[in-house]
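Commentary on secondary and tertiary structure
If you want the building blocks of each chain, they are given just below.
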Amino acid sequence: MTKIKACIFDLDGVLVDTAKYHFLAWKKLADELNIEFTKKHNERLKGVSRMRSLEIILEIGGIKLDDETKLQLAEKKNSWYVAYISKLTADEILPGVEEFLKLAKSNNLKLALGSASKNSMLILNNLKLVDYFDSIIDGTKVSKAKPNPEVFLKGAAELKIKPEHCVVFEDAEAGIEAAVNAGMHSIGIGSPEILSKADLVISGLHEMNLDKLCVL
Ligand code: BG6
Ligand code: MG
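What you see is a predicted model; the values in this text were computed from it and never measured.

Of the regular secondary structure elements, the protein holds nine helices and six strands. In summary, the protein has a C-alpha radius of gyration of 17 Å against a globular reference of 17 Å for 216 residues, a match within 12%. Taken along the three principal axes of its C-alpha coordinates, the protein extends 55 × 30 × 30 Å. Every one of the 216 residues in the protein was classed for burial, and the buried ones make up 48%. Counted over contacts in the protein with a minimum sequence separation of 6, partners at least 24 positions apart contribute 61%. A total of about 10500 Å² of accessible surface is found on the protein, and carbon and sulfur atoms cover 52% of it.

Written out as structure tokens, the structure is:
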């Protein structure tokens, strides 16, 4: 028997591979600013808020800007990113995602989204995934970024499930830390080296089953 009563999912990199679109949009902005921005640098942006992502890129380039200019640049990047994700279709849902959401739901587990993205609803609508979730907490509802646990604690509170009965699925190191800080179980999606603080690491939800919840 599992003590898990709720699954909380990060969005970008867990349900859909949007990291590539974030990269393309940030790369375009970095090119305009003459900042060298590589895929390795991009790893540092995972799970991090839009403004913090911009600040990391400016740090890489050794550039300091005022708040007004930073807001304009973040907005510019977002308009390019939104152009990409507006064309997302259900084909871009990562392997095994819908199967596991259905399996969890049919076994009476509550499902929540816990994402830093302010574009979560646009993505979930385009992927037709909205109806799976009992609670959706996204970047429009939180003020503290991961590794702060706010996003996951709000989800658990909406579901009325105690943190110790929740498991978080995350692809970002900051996201696993947020789950640990929330007092929740965690399953990393990706590399065991990067996600070493997770209770278990898998390469994607296609590897997930209910037995894996029993060992948490
Ligand atoms: C997270 C991504 O899910 O959302 C980050 O991992 C991104 O890379 C953050 O910066 C904020 O996203 P958005 O869509 O609000 O710019
Ligand atoms: Mg993510």
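Picking up where we left off.
All right, on to the sheet that holds strand β6 (residues 200-202) then. Spatially, β3-β2-β1-β4-β5-β6 is the arrangement adopted by the six strands of the open sheet, whose pairing is parallel. Each having just a single partner strand, β3 (135-137) and β6 make up the two edges of the open sheet. For this sheet the average axis-to-axis angle between neighbouring strands, irrespective of direction, equals 20°. Pairing analysis gives four bridges linking strand β1 (residues 6-9) to strand β4 (residues 166-170), with the strands arranged parallel. Within β4, the residue paired with Cys7 across the bridge is Val167.

Once the domains are mapped, the protein shows domain 1 (6-16 + 93-214) and domain 2 (19-85). For domain 1 versus domain 2, the separation of C-alpha centres amounts to 24 Å. Taken together, the contact pairs eleven residues of domain 1 with nine residues of domain 2. Here domain 1 packs against domain 2, burying approximately 870 Å² in sum over the two surfaces, 54% of which is carbon and sulfur. The tally of links from domain 1 across to domain 2 stands at zero salt bridges. The tally of links from domain 1 across to domain 2 stands at two residue pairs in polar contact (both at pLDDT 80 or more).

Definitions and limits used
- Residues numbered from 1 in each chain as written.
- Chains lettered and ligands numbered in written order.
- Predicted model: local features only at pLDDT ≥ 70, side-chain atom pairs only at ≥ 80, totals over all residues.
- Heavy atoms only, no water.
- Helix = DSSP H or I, 4+ residues; strand = E, 2+ residues; numbered from the N terminus.
- Rg over C-alpha atoms; globule rule 2.2 N^0.38 Å.
- Buried < 20%, exposed > 50% of the residue type's maximum accessible area, 1.4 Å probe, protein only.
- Contact = heavy atoms within 4.5 Å.
- Areas by Shrake-Rupley, 256 points an atom, 1.4 Å probe, with all protein chains shown as cover.
- Pairing = 2+ DSSP bridges.
- Axes fitted to C-alpha atoms, helices over the stretch in contact; angles between N-to-C directions.
- Domains from an automatic or database assignment.
- Buried area = accessible area lost by both parts, 1.4 Å probe.
- Salt bridge = Lys/Arg side-chain N within 4 Å of Asp/Glu carboxyl O.
- Polar contact = N/O pair within 3.5 Å; in protein donor to acceptor, adjacent residues only side chain to side chain.

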